[in-house]
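# Structural overview for review
One-letter residues, chain by chain:
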Protein chains: 2
Amino acid sequence: MNWQEVLSENGYRVSEPRRLVMQLLENSSQPLTPLQIYSALLQSGNTLGMVSVYRALELLTELCLVCLVYNSDGSPGYVLGMGGHHHHILCQSCHKAASFAGSEDLSALIEKVEADTNYRVKDHLLQLYGICPACQEKQSVRQEGN
Amino acid sequence: MNWQEVLSENGYRVSEPRRLVMQLLENSSQPLTPLQIYSALLQSGNTLGMVSVYRALELLTELCLVCLVYNSDGSPGYVLGMGGHHHHILCQSCHKAASFAGSEDLSALIEKVEADTNYRVKDHLLQLYGICPACQEKQSVRQEGN
DNA sequence: AAATTAATTGAAAAACATTATCAATAAGGG
DNA sequence: CCCTTATTGATAATGTTTTTCAATTAATTT
Ligand SMILES: [Zn+2]
Ligand SMILES: [Zn+2]
Ligand SMILES: [Zn+2]
Ligand SMILES: [Zn+2]
């Protein structure tokens, strides 16, 4: 099921702003803010209102077609969502994002936390931070240069 | 080492706004936004500038005396930081936060992600969401009432 | 305890970001 | 192709964060 179908099946229209936002995120390797999305789309000759970007992101997030992630400095951005349980890893240097399957086993941790805090655990937020292949390359080149 | 010492040892002064922000967070069970902190402090008869709240939070976060966390709706807030590796669990109903030791073992996951994505993992963001004891209580009472 | 000094504050303004309103537009069904 | 209604976008209002800089204050020195 592609994103157009997800929209339709949930009673939403496949409108121009939504299409533009999805297209841009599909081609962006790093999380973008609403303003970055708006600017990029204008720059590439499209015409749409800032407001539509906000509304598109809100809806697409709700439908899990895009995800809200946080850079290592805490600043938020939107990336394309993958279906199913997954998480993201972000490059601390260039902010490039990749996703990985949510195959982690948190059951031991959850059990312990429930016992310690008496909270009942329902969900989790997990992101990894690191260095992407390209930035590793750059770093080792700089190393050699010194 | 208390927070006053952390400030001093790092060459920062123990100023009034910093004291007020720390005091408030020490007594707050849920994440607060800069504005909420500012308002609460004014309300309780103190006098300080909004700007100082922002600056205090920035510094205290840098020194790990407070932590930036995200509610389940994605909205950010600040809570008191604990020393050492730890994470937070937030109530999806009342937003009350608790912390727990970072005793999770992510090594298997990290190995897999590094193999799959070629990123080199350096750090992680982990939060749990759930229902706090008080809200569990409220929910079961409502259940019985029906 | 007073003087010294540099970090820190806060008022005001500027810059930036988000939300509300509502008439005009366009997507999708018939 | 037309109709209906979801959706858009211009504008304005609202809210948040950053900048600036003279005044203040914490901590150190005398
Ligand atoms: Zn990178
Ligand atoms: Zn997961
Ligand atoms: Zn609760
Ligand atoms: Zn951890």
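So, here is what we can say about the structure in this document. These figures come from a predicted structure and were not determined experimentally.

Right, let's talk about the coordination of the zinc ion (ligand 1) for a bit. All names here are of chain A. Within the first shell, the zinc ion (ligand 1) binds the protein through Cys91 (SG), Cys94 (SG), Cys132 (SG) and Cys135 (SG), at distances of 2.2 to 2.4 Å. Coordination geometry of the zinc ion (ligand 1): the 4 donor atoms subtend angles of 105 to 114 degrees at the metal centre, consistent with an arrangement described as tetrahedral. On the primary sequence, the residues serving as donors to the zinc ion (ligand 1) are separated as C-x2-C-x37-C-x2-C. Separated by 41 residues along the polypeptide, cysteine 94 in the loop between strand E3 (86-91) and strand E4 (97-101) and cysteine 135 in helix H6 (residues 133-145) bring together distant segments of the chain.

When chain A is fitted onto chain B, the two copies agree to an RMSD of 0.0 Å after a turn of 180 degrees and an axial shift of 0.0 Å. Within this description, the copies of the chain are treated as partners about a two-fold rotation axis. Proximity to the rotation axis, assessed at the C-alpha, singles out leucine 126 of chain A in chain A; its C-alpha lies 2.3 Å from the axis. Here 100% of the interface residues in chain A have copies in chain B that are interface residues too; the copies meet face to matching face.

At 1.8 to 2.0 Å from the zinc ion (ligand 4) lie its protein donor atoms, namely His85 of chain B (NE2), His87 of chain B (NE2), Glu104 of chain B (OE) and His124 of chain B (NE2). Of note is the zinc ion (ligand 4), whose 4 donor atoms meet at the metal with angles of 98 to 123 degrees in an arrangement that counts as tetrahedral.

Around DNA strand D sit 17 residues, and of these Ser15, Ser52 and Arg55 of chain A together with Val14 and Tyr54 of chain B come closest. Considering the 4 Å shell around the protein, atoms of DNA strand D inside it are sugar or phosphate in 61% of instances. Between DNA strand D and arginine 18 of chain A, the relevant distance is 2.9 Å, taken from a phosphate oxygen to a side-chain nitrogen or oxygen of the residue. A distance of 2.5 Å is found between a phosphate oxygen of DNA strand D and a side-chain nitrogen or oxygen belonging to serine 52 of chain A. Class assignment for the residues of the surface near DNA strand D results in 8 nonpolar, 4 polar and 5 charged.

Another aspect to go through is the protein's contact with DNA strand C. In the neighbourhood of DNA strand C, 16 residues make up the surrounding shell, with Val14 and Tyr54 of chain A together with Ser15, Ser52 and Arg55 of chain B lying closest. Near the protein, within 4 Å, the atoms of DNA strand C are sugar or phosphate in 59% of cases. Taking valine 14 of chain A, its main chain carries an N or O atom lying 2.6 Å from a phosphate oxygen of DNA strand C. One of the backbone nitrogen or oxygen atoms of glycine 49 of chain B is found 3.1 Å away from a phosphate oxygen of DNA strand C.

With that out of the way, let us pick up the nonpolar core. Membership of the largest hydrophobic core comes to 28 residues, with the highest contact counts inside it found for Ile89 of chain A together with Ile89 of chain B. Listing elements by their share of this core, those giving two or more residues are E3, E4, helix H5 (107-117) and strand E5 (120-131) of chain A together with strand E3 (86-91), strand E4 (97-101), helix H5 (107-117) and strand E5 (120-131) of chain B. Setting aside residues no more than four positions away along its own chain, isoleucine 89 of chain A makes contact with Lys96, Ala97, Ala98, Phe100, Leu128 and Tyr129 of chain A together with Val113, Thr117, Tyr119 and Val121 of chain B.

We now examine the pattern of salt bridges. All names here are of chain A. Counted under the stated rule, the structure contains 6 salt bridges over all chains. Between lysine 112 and aspartate 116 there is a salt bridge, and its shortest N-O distance comes to 3.1 Å. Residue lysine 112 and its partner aspartate 116 are located together in helix H5, separated by 4 residues, close to a single helical turn.

A few words now on the environment of histidine 88 of chain B. Within the element layout of this structure, histidine 88 of chain B appears in strand E3. In this structure the C-alpha to C-alpha distance between histidine 88 of chain B and leucine 125 of chain B, which are 37 residues apart in sequence, comes to 10.0 Å.

This paragraph deals with the interface of chain A and chain B. With 35 residues of chain A at the interface, the matching set in chain B holds 35 residues. Roughly 3,100 Å² of surface becomes buried between chain A and chain B when both sides are summed, with 70% attributable to carbon and sulfur atoms. A per-residue breakdown of the area chain A buries against chain B is headed by Leu109, Tyr119 and Leu125 of chain A, which together make up 23% of the total. The interface formed by chain A and chain B holds 0 salt bridges in total. Where chain A touches chain B, the interface holds 14 residue pairs in polar contact (both at pLDDT 80 or more). Elements that contribute at least two residues to the side of chain A that touches chain B include exactly strand E1 (66-70), E3, E4, H5, E5 and H6 of chain A. Along the lines of polarity and charge, the residues of the side of chain A that touches chain B split into 19 nonpolar, 10 polar and 6 charged.

What counts, and at which threshold
- Chains are numbered independently. Their residues run from 1 in the order of the written sequence.
- Lettering of chains starts at A and numbering of ligands starts at 1, both following the order in which they are written.
- With the structure being a predicted model, the display of local features is reserved for residues of pLDDT at least 70 and the display and counting of side-chain atom pairs for 80 or more, all residues being used for whole-chain, interface and lining totals.
- Excluded from the side-chain calculations are hydrogens and water; all other atoms, namely the structure's heavy atoms, are used.
- A donor here means any N, O or S atom no more than 2.8 Å from the metal (3.2 Å for Na, K and Ca); water is not included, so a site may seem to lack partners.
- A four-donor site is called tetrahedral if each angle lies between 85 and 135 degrees; a four-donor site is square planar, and a six-donor site octahedral, when trans pairs exceed 155 degrees and the remaining angles lie between 65 and 115; all other cases are labelled irregular.
- The secondary structure listing takes helices from DSSP runs of H or I that are at least 4 residues long and strands from runs of E that are at least 2 residues long, numbered from the N terminus.
- The fit set for superposing copies consists of C-alpha atoms from residues with pLDDT of at least 70 in both; the fit itself is least squares.
- The contact criterion used is simple: two residues touch if any of their non-hydrogen atoms lie within 4.5 Å.
- When we say a residue is near a molecule or strand, we mean one of its heavy atoms is within 4 Å of it.
- Counted as a polar contact is a pair of N or O atoms within 3.5 Å, where, for protein atoms, one must be capable of donating a hydrogen and the other of accepting one, and residues adjacent in sequence contribute only when both atoms are in side chains.
- Charged means Asp, Glu, Lys or Arg here, nonpolar means Ala, Val, Leu, Ile, Met, Phe, Trp, Tyr, Cys or Pro, and polar covers whatever is left, Gly included.
- Remark: nonpolar core denotes a set of buried residues (Ala, Val, Leu, Ile, Met, Phe, Trp, Tyr, Cys) joined through side-chain atoms within 4.5 Å.
- Only protein chains enter the accessibility calculation, which uses a 1.4 Å probe; a residue is then buried when its area is under 20% of its type maximum, exposed when over 50%, and partly exposed in between.
- The rule for a salt bridge is simple: a side-chain nitrogen of Lys or Arg has to be within 4 Å of a carboxyl oxygen of Asp or Glu.
- The term buried area means the drop in 1.4 Å probe accessible area that two parts suffer when joined, counted for both and summed.

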